[in-house]
Structures are given as structure tokens and as C-alpha cells.
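Now for the letters of each chain:
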Amino acid sequence: MGGVMALKRNVFLVEDEAHIQQLIQYNLEASGFLVSVFGSGEELLRQCASAIPDLFILDLMLPGIDGLEICRRIRLDGRMRQIPVIMLTARSEEFDRVLGLELGADDYITKPFSVRELVARVRAIFRRTDGALPGEGEIVRVGDIALDPARHEAYKQGNRLELTLKEFELLKILLQNRGRVLTRDMLLEKVWGFDYYGETRTVDVHIRYLRQKIEDDDSKPLYIETVRGVGYRFV
Ligand code: CA
């Protein structure tokens, strides 16, 4: 991991407004990314049958299938399950925003947005997914759960867990800090990397999905303990 060759990262953008398409494409390309632009979800998904990007940027409101539906289909496809998704939303769409989190988007940008912020967030996503840092690549085992940071895979009793990128990152941080209580703010900062004020329930939503995948009975969690009013602990 982390070779010296700088491969260009490929971004697939779905946006139906031409001036926003151009704005994003121009600025990401100027920052060294390759950008393929699609005017609809249907066009994007046709392309994904033969080529897969390193990152999706999905406008929420689109003619035809919308950004949430595209995100849902990406997360159902084993080839694309872990590819980061940034959703573009309008301010009035708070409800959709929360719903989108449950469907596995990794980050949100609210229109109107600054181009600098968009580029910074794209870079931040790649920093977090660009493989393990030296010394961080070792397989972590706790009980019958194992996590391989270099391969981005996790296992329970030897069976591979189908985790989204965020679920994987959450599990990794919980395992690396096992026995310690991690606050929601801490998890939000480490996993999402941004200040989502008032959005700590984002963490709760993702913990709920993670529990459904790793606990035998997610109503009586044995691995991830809730520390009431504080946060979570891997026990
Ligand atoms: Ca739109």
C-alpha cells in the first residue's frame, strides 16, 4: 500500500445542471483528478457495468432516478459497496440528508458550496481511504472478530463481513481502542473528519448498521457496548 506512483484518482460525477457539472469537473481536474460526468443516474449506472471509479459524487435531485436511489444501488453492488460517495444536496433537504446517511453516503455537501470546500473534502476522503499508514497495517484480532486494514476487510469467525466504508472505519477505530469509551464526537471526527455539528446521530445510525452485521442479536449487543450519554466501547 501507499506506493510512490501517483495514479490519478477517477471520480464519477452525476449532476444535471451544466454549470455545476463544469464547475466541479474543472476544479477537480485542476487538482489532479480524472472526472467523468453523467447527466443522469441511468447513464452513470450503465457506465458502472464496465468501469468503476474511486469516488462517486451524486447530486440528490435528478431527473429519473435520484441520488439516493443511485447510492442504494451502489451499496447493493459488491464491486462498489466500499467506494466512497459524496452527496450534493440543497439546504431544504435535511430529511433526505439523514435518510441518505442510512443508505451509506460518506459525506455531504450542501448547495451552494464553495469549490475549495468540495476539493478539500474529496482530498480528505482519499486521505482516509489511501491504505494504511506504516505500522497501522497489521491485522487486529479481538475475540472472533478480525480486521485487516491493508485489505479493508473484516471477518467474524473467519467469515468476511460485508461492511460499507464507514462501517469498516468505525469498526477499525473501535477495535484499535478496545476497552476504551469513544465519544460520539470523537468517532465523528475520526471517521468523518468534519465538524457535523448536531449530527452525532450519524454515529448512532452507523453503529446500528454495524451491530446488525457483527452482533448475534443486535438488540443485545455483546461486542459494541453503548455507554449511556457518552458513546461506545468495543468490549
Ligand atoms: Ca439537480
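Read on for an overview of the structure. The model shown is predicted, which means the values in this text are computed figures rather than measured ones. (Residues numbered from 1 in each chain as written. Predicted model: local features only at pLDDT ≥ 70, side-chain atom pairs only at ≥ 80, totals over all residues. Heavy atoms only, no water.)

## Section: the sheet that holds strand β8 (residues 153–156)
Okay, so step 1: Strand order in this open sheet of four strands is β6-β7-β8-β9, and the pairing throughout is antiparallel. One side of each edge strand has no neighbouring strand; the edge strands of this open sheet are β6 (140–142) and β9 (159–161). Ignoring which end each strand starts from, the neighbouring axes of this sheet average 25 degrees apart.
Okay, so step 2: Each of β6, β7 (145–148) and β8 is contacted by helix α6 (residues 165–176), which is oriented at about 110 degrees to β7, the strand it contacts most. (Pairing = 2+ DSSP bridges. Helix = DSSP H or I, 4+ residues; strand = E, 2+ residues; numbered from the N terminus. Axes fitted to C-alpha atoms, helices over the stretch in contact; angles between N-to-C directions. Contact = heavy atoms within 4.5 Å.)

## Overview of helix α3 (residues 67–76)
Okay, so step 1: Taken residue by residue, α3 has G67, L68, I70, C71, I74 and R75 as its buried positions. Looking down the long axis of α3, one finds its buried residues gathered within 160 degrees of arc, a one-sided arrangement.
Okay, so step 2: Two or three places before L68, at the start of α3, stands the capping residue D66, its side-chain oxygen 3.2 Å from that residue's backbone nitrogen. (Buried < 20%, exposed > 50% of the residue type's maximum accessible area, 1.4 Å probe, protein only. Arc of directions from axis to C-beta. Polar contact = N/O pair within 3.5 Å; in protein donor to acceptor, adjacent residues only side chain to side chain.)

## Let's talk about the pairing of strand β5 (residues 107–111)
Okay, so step 1: Counting buried residues in β5 gives four out of five residues, a clear majority hidden from the surface.
Okay, so step 2: The pairing of strand β4 (residues 85–90) with β5 spans five bridges and is classified as parallel. Across the sheet, the residue bridging to T89 is T110, located in β5.

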